[in-house]
Amino acid sequence: MWRYPKAKNNLDSAAFQTRLHPRTGSEFVFPGRNGGLRKDVKHQAARIKRRAGLPEDFRALHGLRHVYASMLASSGQVDIYTLQKLLTHKSPQMTQRYAHLRDEALKRAAEVAGDLFAKIEKPSNSIDIENLKKA
């Protein structure tokens, strides 16, 4: 069951109201009849897959969950423990399966490392081997 996040305080209550389901006003992302708790979304997911022409083995909700985890992990703003709790995994090993870093995140990390190494100055008492070979 997926719910919209609850308001933490009165300041958040206006934001919470905008997160309610637009048609039913329900707190549930996939509301049932009259905005109540939906026990199962398989029928609706199958209908959407069929209408979209997607293969039978396509797992849309699993894909959304994977994208959610990957985006949070690659942002660099959410640690693996927090991501594990958000995904309700019992072990960090399971979370790491979902937390694939995107190529851009890896490139940014490599650039940060390169920038750090570029800032390192040679000590003044170091010997420049290239100049010694030329002498």
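Reading guide: rules and limits
- Residues numbered from 1 in each chain as written.
- Predicted model: local features only at pLDDT ≥ 70, side-chain atom pairs only at ≥ 80, totals over all residues.
- Heavy atoms only, no water.
- Helix = DSSP H or I, 4+ residues; strand = E, 2+ residues; numbered from the N terminus.
- Contact = heavy atoms within 4.5 Å.
- Areas by Shrake-Rupley, 256 points an atom, 1.4 Å probe, with all protein chains shown as cover.
- Buried < 20%, exposed > 50% of the residue type's maximum accessible area, 1.4 Å probe, protein only.
- Polar contact = N/O pair within 3.5 Å; in protein donor to acceptor, adjacent residues only side chain to side chain.
- pLDDT = per-residue confidence, 0-100.

### Remarks on the overall build of the chain
Looking only at helices and strands, one finds 7 helices and 0 strands in the chain. Counting helices and strands in the order they occur from the N terminus, the chain gives α-α-α-α-α-α-α. Taking the intrachain contacts of the chain between residues at least 6 apart in sequence as the baseline, contacts between residues at least 24 apart amount to 33%. If you sum the accessible surface of the chain, you get close to 11,300 Å²; carbon and sulfur atoms cover 56% of it.

### A few points about the side chain of Ser74
With respect to the secondary-structure elements, Ser74 resides in helix H3 (residues 60-75). On the accessibility criterion, Ser74 (9% relative accessible area) is buried. At 3.3 Å, the side chain of Ser74 forms a polar contact with the backbone oxygen of Met71.

### Quick look at the confidence of the model for the chain
Scored by pLDDT, the chain comes out at a mean of 76, with 70% of its residues at no less than 70. Taken element by element, the chain is modelled with least confidence in helix H1 (residues 10-18), mean pLDDT 46, and with most confidence in helix H4 (residues 80-86), mean pLDDT 89. Contacts from residues 9-17, a stretch scored under 50 in pLDDT, to residues over four places away or in other chains number 6 contacts.

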